[in-house]
Amino acid sequence: MQDCLFCKIVAGEIPSKKVYEDEQCYAFYDIDPQAPTHFLVIPKQHIQSVAAVDAGNSAVVAHCFEVIAKVAKDLGLESFRVVSNIGEQAGQSVFHLHFHVLSGRDMTWPPG
Ligand code: 5GP
Ligand code: ZN
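Novice: Please explain the overall build of the protein chain as it appears in this structure.
Specialist: Per the secondary structure count, the protein chain includes two helices and five strands. Put simply, the protein chain runs from its N terminus to its C terminus through helices and strands in the order α-β-β-β-α-β-β. Expected size for 112 residues packed as a compact globule is a radius of gyration near 13 Å; at 14 Å, the protein chain falls within 12% of this value. In terms of its C-alpha atoms, the protein chain occupies a principal-axis envelope of roughly 35 × 30 × 30 Å. Within the protein chain, buried positions represent 38% of all 112 residues. When contacts within the protein chain are restricted to residue pairs at least 6 apart in sequence, those whose partners lie at least 24 apart make up 54%. Counting every atom, the protein chain has about 6800 Å² of accessible surface; 52% of that belongs to carbon and sulfur. Across the protein chain, 8 positive and 13 negative side-chain charges occur, with their mean positions spaced 5 Å apart.

Novice: Would you explain the environment of Ile42 in this entry?
Specialist: Structurally, Ile42 can be placed in strand 3 (residues 37-43). Beyond its immediate chain neighbours, meaning those up to four positions away, Ile42 contacts Phe6, Val10, Gln24, Cys25, Tyr26, Phe28, Cys64, His96, Leu97 and His98.

Novice: Is there a simple way to think about unusual backbone geometry in this case?
Specialist: The phi torsion of most residues other than glycine is negative, and most of the peptide bonds are trans. Of the consecutive residues Trp109 and Pro110, the connecting peptide bond is found in the cis state with omega at 0°. Residue placement: Pro110 occurs in the segment after strand 5 (99-103).

Novice: Looking at this model, I keep getting lost on the site of ligand 1. Mind explaining?
Specialist: Residues in close proximity to ligand 1 total 16 residues, the closest being Tyr29, Asp30, Asn85, Ser93 and His100. A distance of 2.8 Å separates an oxygen atom of ligand 1 from a polar side-chain atom of Asn85. Taking Val94, its main chain carries an N or O atom lying 3.0 Å from an oxygen atom of ligand 1. For the shell around ligand 1, the elements supplying multiple residues, two or more each, are helix 1 (5-10) and strand 2 (25-29).

Conventions adopted
Residues numbered from 1 in each chain as written. Chains lettered and ligands numbered in written order. Predicted model: local features only at pLDDT ≥ 70, side-chain atom pairs only at ≥ 80, totals over all residues. Heavy atoms only, no water. Helix = DSSP H or I, 4+ residues; strand = E, 2+ residues; numbered from the N terminus. Rg over C-alpha atoms; globule rule 2.2 N^0.38 Å. Buried < 20%, exposed > 50% of the residue type's maximum accessible area, 1.4 Å probe, protein only. Contact = heavy atoms within 4.5 Å. Areas by Shrake-Rupley, 256 points an atom, 1.4 Å probe, with all protein chains shown as cover. Lys, Arg positive; Asp, Glu negative; His and termini not counted. Charge placed at Lys NZ, Arg CZ, Asp CG, Glu CD. Near = heavy atom within 4 Å. Polar contact = N/O pair within 3.5 Å; in protein donor to acceptor, adjacent residues only side chain to side chain.

What follows is the structure in structure tokens.
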């Protein structure tokens, strides 16, 4: 999608530090890490957020979770948090579906 930051990252138009890539998903380190390990897993296809997941695109979302499990295992993460913000009030700033994977520090619950 034009003018989508993460579509541009998938296309290689904006550089990123890749963690993992396959035909459906891309994973890269967050530019402003909120934990010692903080990477993002995104579908290559443009989906606005979890709120736009439907029967037509849910397979790629399921695949993103396989990628999260695989990368977490490969990085040796024993405890981690997966977060997806939906809409501005919840903290979404990039409107291309992404799952934050955070690890390496104590985390509070409930989140702020
Ligand atoms: P959101 O706020 O939408 O939940 O998450 C967007 C995330 O993208 C933020 O954690 C932000 O630091 C990250 N981000 C924004 N721009 C870039 C960028 O150009 N490169 C990388 N690697 N991460 C980015
Ligand atoms: Zn996009």
